[in-house]
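Residue-level listing of the chains:
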Amino acid sequence: MQPLSKLKLIIDAYREAQKSAVPLTGVHTNKVGIYTLVHCSESRADFGTNRLWDSMWWWYKGISEFHLKWEMTHLSPEKQAAAFPLLQARARGEFDITEFDREDMVVVGTPDECLTKLARYEEAGVDQLLCYLNFGYLPHDAVMKSIELLGTRVIPELRKRGANGIAAGLDAGIQRAEAQVSAKSA
């Protein structure tokens, strides 16, 4: 729930801290994985038919409610507001969901727009993007079309441009989704 510009600062601080980190186990990594909503369509005109904005609003309102009710119950309302100033307003549904798109907090758009956003994530230092593709009220055919566009147009272009980390992570996720669909069809 952070603009990509703020996320880059967090990633940079993490990478700097990793330089002097002492692993507790034999495993040492300096990788960053980010989780966000992803929806790719032929045209932004499809967003209305696909109920994208309603679906995103439902997700972020619900996740804010969940965090306040279950993850932060040990904090007073004042401490919750100080730690996460936007969370309470979002839990009440008081936010403009298109801000998430404008600030690259989600990856939504046409294949070219998604490609541009994914390149920004890689530039910010993200190694792997965990994509939530089936959220809210999105129709099944819109989710499947999004998977198809990512797999046939976005990921191949990312690879051509050398964005192999993000491309590999997306490709693995699409393969898992396709396997689940195949298993349900069998």
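Above this text sits the structure in question.
Residues numbered from 1 in each chain as written. Predicted model: local features only at pLDDT ≥ 70, side-chain atom pairs only at ≥ 80, totals over all residues. Heavy atoms only, no water.

Caption draft 1: The side chain of Lys 61, seen in detail. Structurally, Lys 61 can be placed in helix H3 (residues 52–71). There is a polar contact of 2.3 Å between the side chain of Lys 61 and the side chain of Glu 65. Not counting chain neighbours up to four residues away, the residues in contact with Lys 61 comprise Arg 90, Ala 91, Arg 92, Gly 93 and Phe 95. (Helix = DSSP H or I, 4+ residues; strand = E, 2+ residues; numbered from the N terminus. Polar contact = N/O pair within 3.5 Å; in protein donor to acceptor, adjacent residues only side chain to side chain. Contact = heavy atoms within 4.5 Å.)

Caption draft 2: Main features of a nonpolar patch on the surface. Side chains of Trp 57, Trp 58 and Tyr 137 sit close together on the surface and give an oily, nonpolar patch of about 310 Å² of accessible area. Checked against the element boundaries, Trp 58 lands in helix H3. (Patch = residues over 30% accessible without salt bridge, like charges linked within 9 Å, V, L, I, M, F, W, Y side chains within 5 Å. Areas by Shrake-Rupley, 256 points an atom, 1.4 Å probe, with all protein chains shown as cover. Salt bridge = Lys/Arg side-chain N within 4 Å of Asp/Glu carboxyl O.)

Caption draft 3: Broad picture of the sheet that holds strand E2 (residues 107–109). The three strands lie next to each other as E2-E1-E3, forming an open sheet whose pairing is parallel. A strand with exactly one partner marks an edge of an open sheet, and here the two such strands are E2 and strand E3 (128–132). The sheet shows a mean angle of 30° between the axes of neighbouring strands, direction not considered. With three bridges connecting them, strand E1 (residues 33–40) and E2 associate as parallel partners. Note on E2: the bridge partner recorded for Val 38 is Val 107. (Pairing = 2+ DSSP bridges. Axes fitted to C-alpha atoms, helices over the stretch in contact; angles between N-to-C directions.)

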